[in-house]
Amino acid sequence: MTSEKIFNNTEVAFQLKNDSELERAYFLFKMISHQPLVRIGTAATNFALKANLPVEGLIRSTVFDHFCGGVNEEDCLPVIDKMFLKGVSSVLDYSVEGKETETQFDSALNKTIEIINFASTKKAMPIAVFKPTGFGRIDLYKKKGQGVKFTGQEQEEWDRVVARYNDACKLAKEKDVFILIDAEESWMQDASDDLVEDMMRRYNSDKPIVFNTLQTYRWDRLDYLKQLHERAKNEGYKLGMKIVRGAYMEKERERAEENGYPSPICESKMATDANFNKVLSYILDHLEDISLFIGTHNEESSYLAMQLMEEKSIVINDDRVWFGQLYGMSDHISFNLATVGYNVAKYVPFGPVKDVMPYLIRRAEENTSVAGQTNRELNLLKEEKKRRKI
Ligand SMILES: Cc1cc2nc3c(=O)[nH]c(=O)nc-3n(C[C@H](O)[C@H](O)[C@H](O)COP(=O)(O)OP(=O)(O)OC[C@H]3O[C@@H](n4cnc5c(N)ncnc54)[C@H](O)[C@@H]3O)c2cc1C
């Protein structure tokens with residue numbers, strides 16, 4: 001099956017894009033494949049937004065509409081329904097970042113709760129997600145992770161973070177909606193990992209509902225997973241694991257160098273890839289205890305997952321294995337996998353244009369730095385344009 005290279009089918013990949021959307025995607029990827037352009041564009045956009053220049057319309061009709069479902073949940077509905085008709089589910093992702101106040105954290109929780117409730121009524125949305133720093137300050141996570149004693153006020157603040165995790169995970173359990181918790185910078189991750197472990201202990205007793213995220217660009221993650229697995233087995237609960245390579249590599253390396261500690265990141269792309277494969281394989285070997293969400297745009301990893309599933313006689317639509325990509329990226333993987341019957345869900349980011357800018361900038365930078373992937377995306381779009389004779 002894997003030798004057929006199903007991801008090359010551009011007709012399936014871009015079936016939801018009309019000709020003008022196809023042209024826009026081509027134009028966009030062409031632009032972001034130029035590093036200097038992304039750098040200038042990012043600086044100019046940040047300046048224009050801060051100066052309240054009327055650029056929102058331009059952003060919306062270009063990057064925003066390509067990578068986001070809309071400004072609010074309702075905007076995303078047509079996208080969710082259209083994708084589900086082709087077998088691809090949606091994970092609505094409220095992508096507002098860089099907020100630091102209690103009111104903002106409460107409003108992120110309320111959004112998450114709204115989404116879980118909404119998801120429980122919609123078959124196309126079996127999964128919800130939140131980001132740790134959406135629910136609390138990064139410095140607080142860092143302090144907690146380092147074991148530094150909190151002041152009375154900080155302890156109260158932390159108790160509110162715990163309560164937010166619990167409110168979201170408890171509701172997810174009640175409504176039978178999987179909940180993924182993203183992973184972020186290593187210096188805040190320990191505290192979030194402990195919290196998520198607690199949530200899994202509470203809510204994953206009969207089946208995995210709560211999923212943590214493993215960033216396999218961190219060389220310590222396989223050991224961490226094995227230890228976590230032991231604890232879960234001993235205490236009698238299941239694990240849910242999203243696996244990704246990791247999005248903050250440059251920041252991680254810079255900080256490690258500045259502060260003189262060993263970098264937590266694998267020494268090369270090859271080492272990260274190998275680590276990803278080992279973690280993937282370990283989980284597929286222990287599906288009875290661990291459910292898996294494979295968040296990747298990497299074709300080799302996706303083919304490997306398909307191959308391992310076949311070798312281990314795991315049926316392709318086993319509810320314990322999901323493939324995931326981001327909206328606006330790697331449709332050739334998502335739609336081709338869904339067409340043959342795998343479980344696939346795309347993160348569909350939404351939020352006010354200004355607030356999702358950090359997310360959009362990360363996507364642009366990622367596509368610039370991972371040159372191979374952008375070229376692949378461009379070549380596929382070019383092929384589909386040729387096939388449609390446009
Ligand atoms: C559904 C979904 C959910 C996601 N959730 C999260 C999340 O919660 N947290 C998070 O951090 N990211 C998340 N990501 C982003 C993810 O971590 C990657 O940045 C992105 O998917 C690119 O990796 P890739 O596997 O698709 O493929 P590739 O393009 O094959 O890999 C690129 C990645 O390889 C690693 N890499 C590149 N060069 C080197 C090098 N020289 N040395 C070591 N490693 C290197 C980096 O991690 C880089 O991002 C998510 C992605 C998806 C699709």
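Residues numbered from 1 in each chain as written. Predicted model: local features only at pLDDT ≥ 70, side-chain atom pairs only at ≥ 80, totals over all residues. Heavy atoms only, no water.

S.K.: Where do I start with the side chain of N343 in this structure?
M.R.: Counting through the fold element by element, N343 comes out in the loop between α15 (331–340) and β8 (344–350). Looking at N343, its side chain comes within polar contact range of the main-chain oxygen of D318, at 2.7 Å. Ignoring any residue separated from it by four or fewer positions in sequence, one finds N343 in contact with I316, N317, D318, D319, V321, W322 and F323. (Helix = DSSP H or I, 4+ residues; strand = E, 2+ residues; numbered from the N terminus. Polar contact = N/O pair within 3.5 Å; in protein donor to acceptor, adjacent residues only side chain to side chain. Contact = heavy atoms within 4.5 Å.)

S.K.: Before we go on, may I ask you to explain the site of the ligand in this structure?
M.R.: Looking at the ligand, there are 29 residues lining it, with R245, G246, T272, T296 and H297 nearest. Here an oxygen atom of the ligand sits 3.3 Å away from a polar atom, N or O, in the side chain of D182. A distance of 2.6 Å separates an oxygen atom of the ligand from a polar atom in the backbone of G246. Burial of the ligand by the protein chains amounts to 90% of its free accessible area of 930 Å². Contributions of two or more residues to the shell around the ligand are made by β4 (210–215), β5 (239–244), α12 (249–259), α13 (269–285), β6 (290–295) and β7 (321–326). Looking at the shell around the ligand, its residues break down into eleven nonpolar, twelve polar and six charged. (Near = heavy atom within 4 Å. Areas by Shrake-Rupley, 256 points an atom, 1.4 Å probe, with all protein chains shown as cover. Nonpolar A, V, L, I, M, F, W, Y, C, P; charged D, E, K, R; others polar.)

S.K.: Please explain the sheet that holds β4 as it appears in this structure.
M.R.: Hydrogen bonds between backbone groups are what pair the strands of a sheet, and the pairing can be parallel or antiparallel. Read across the sheet, eight strands follow the order β1-β8-β7-β6-β5-β4-β3-β2 without closing on themselves; strand pairing throughout is parallel. With one partner strand each, in any of the chains shown, β1 (88–94) and β2 (127–130) form the two edges of the open sheet. Taking each pair of neighbouring strands and ignoring which way they run, the sheet shows an average axis angle of 30 degrees. In this structure, β7 lies alongside β8, joined through four bridges in parallel fashion. (Pairing = 2+ DSSP bridges. Axes fitted to C-alpha atoms, helices over the stretch in contact; angles between N-to-C directions.)

S.K.: Which parts of the structure should I look at to understand unusual backbone geometry?
M.R.: Glycine aside, the phi torsion of most residues is negative, and most peptide linkages are trans. Of note in the backbone geometry, D176 takes a positive phi value of approximately 55 degrees without being a glycine. Note that D176 resides in the loop between α9 (152–175) and β3 (178–181). On the basis of relative accessible area, D176 is assigned to the partly exposed category, the value being 49%. Unlike most non-glycine residues, K389 shows phi in positive territory, near 60 degrees. Mapped onto the elements of the fold, K389 is located in the segment after α17 (371–388). A relative accessible area of 75% places K389 in the exposed class. (Buried < 20%, exposed > 50% of the residue type's maximum accessible area, 1.4 Å probe, protein only.)

S.K.: Looking at this model, I keep getting lost on the environment of L85. Mind explaining?
M.R.: Mapped onto the secondary structure, L85 falls in helix α5 (residues 73–85). Taking the relative accessible area as the measure of exposure, L85 reaches 73% and is therefore exposed. The spatial distance from the C-alpha of L85 to the C-alpha of A124 is 8.9 Å, given a sequence separation of 39 residues.

S.K.: Explanation requested: the packing of helix α8 (residues 138–146) against α9 in the structure shown.
M.R.: Relative placement of two packed helices is described by the angle separating their axes and the distance separating the axes. Contact pair α8 / α9: the axes reach a minimum separation of 11 Å and the direction vectors enclose 100 degrees. Accordingly, the angle class assigned to the pair α8 and α9 is roughly perpendicular. Of the residues in α9, those in contact with L140, Y141, K143 and K144 of α8 are E154, E157, W158, V161 and Y165. Residues that form the contact of α8 with α9 fall into these classes: five nonpolar, no polar and four charged. (Parallel < 35°, antiparallel > 145°, perpendicular 65-115°, else oblique.)

S.K.: Help me understand a nonpolar patch on the surface, please; the structure alone is not making it clear to me.
M.R.: A cluster of nonpolar side chains, contributed by F27, M31 and L37, occupies part of the molecular surface with about 260 Å² of accessible area. Tracing the backbone shows F27 in helix α2 (residues 19–32). Given a relative accessible area of 46%, F27 falls into the partly exposed group. (Patch = residues over 30% accessible without salt bridge, like charges linked within 9 Å, V, L, I, M, F, W, Y side chains within 5 Å. Salt bridge = Lys/Arg side-chain N within 4 Å of Asp/Glu carboxyl O.)

S.K.: Help me understand the packing of aromatic side chains in this model?
M.R.: The geometry of two aromatic rings is summed up by the distance between their centres and the angle between their planes. Applying the stated criterion to the full structure yields ten aromatic pairs. Judged by centre distance (6.2 Å) and plane angle (75 degrees), the ring pair of F29 and F67 falls under edge-to-face. With F29 in helix α2 and F67 in helix α4 (residues 56–67), the pair connects residues that are 38 residues apart, well separated along the chain. Note on F67: relative accessible area 1%, which makes it buried. Seen from their ring centres, F178 and F211 are 5.6 Å apart, and the 70 degrees between their planes marks the pair as edge-to-face. One end of the pair, F178, is in strand β3; the other, F211, is in strand β4, with 33 residues separating them in the sequence. (Phe/Tyr/Trp six-rings, centres within 6.5 Å; stacked < 30°, edge-to-face > 60°.)

S.K.: Quick question: what am I supposed to make of the pattern of salt bridges here?
M.R.: Should their charged atoms come close, side chains of opposite charge can pair. Applying the stated criterion across every chain yields a total of 37 salt bridges. The salt bridge partner of K312 is D285, with a shortest N-O separation of 2.6 Å. One end of the pair, K312, is in the loop between α14 (299–311) and β7; the other, D285, is in helix α13, with 27 residues separating them in the sequence. D285 sits in the partly exposed class, given a relative accessible area of 43%. The shortest N-O distance in the salt bridge between E384 and R388 comes to 2.8 Å.

S.K.: Sorry if this is basic, but what is going on with the nonpolar core here?
M.R.: The nonpolar side chains of soluble globular proteins are, as a tendency, buried together. Among the nonpolar cores identified, the biggest contains 78 residues, and Y165, I179, V210 and F323 are the most heavily contacted of them. Residue contacts for I179: discarding those within four places in its chain leaves T112, I116, A128, F130, A168, C169, A172, I209, V210 and F211. With 39 residues, the next largest nonpolar core counts A25, I59, Y347 and M357 among its residues. (Core = buried A, V, L, I, M, F, W, Y, C linked by side-chain atoms within 4.5 Å.)

S.K.: Sorry, what's going on with α5 here?
M.R.: The periodicity of an α-helix, 3.6 residues per turn, causes residues three or four positions apart to be oriented the same way. The end-to-end C-alpha distance of α5 is 18 Å, a good match for the 18 Å that 13 residues give at a rise of 1.5 Å each. Listing the buried residues of α5 in full gives E73, C76, V79, I80 and M83. Packing partners of the buried residues in α5 comprise β1, α6 (102–120), α15 and β8. Between the side-chain oxygen of the N-cap and the backbone nitrogen of E74 there are 3.2 Å, and the N-cap of α5 in question is N72. (Expected span 1.5 Å × (residues − 1).)

By themselves these figures say nothing about function.
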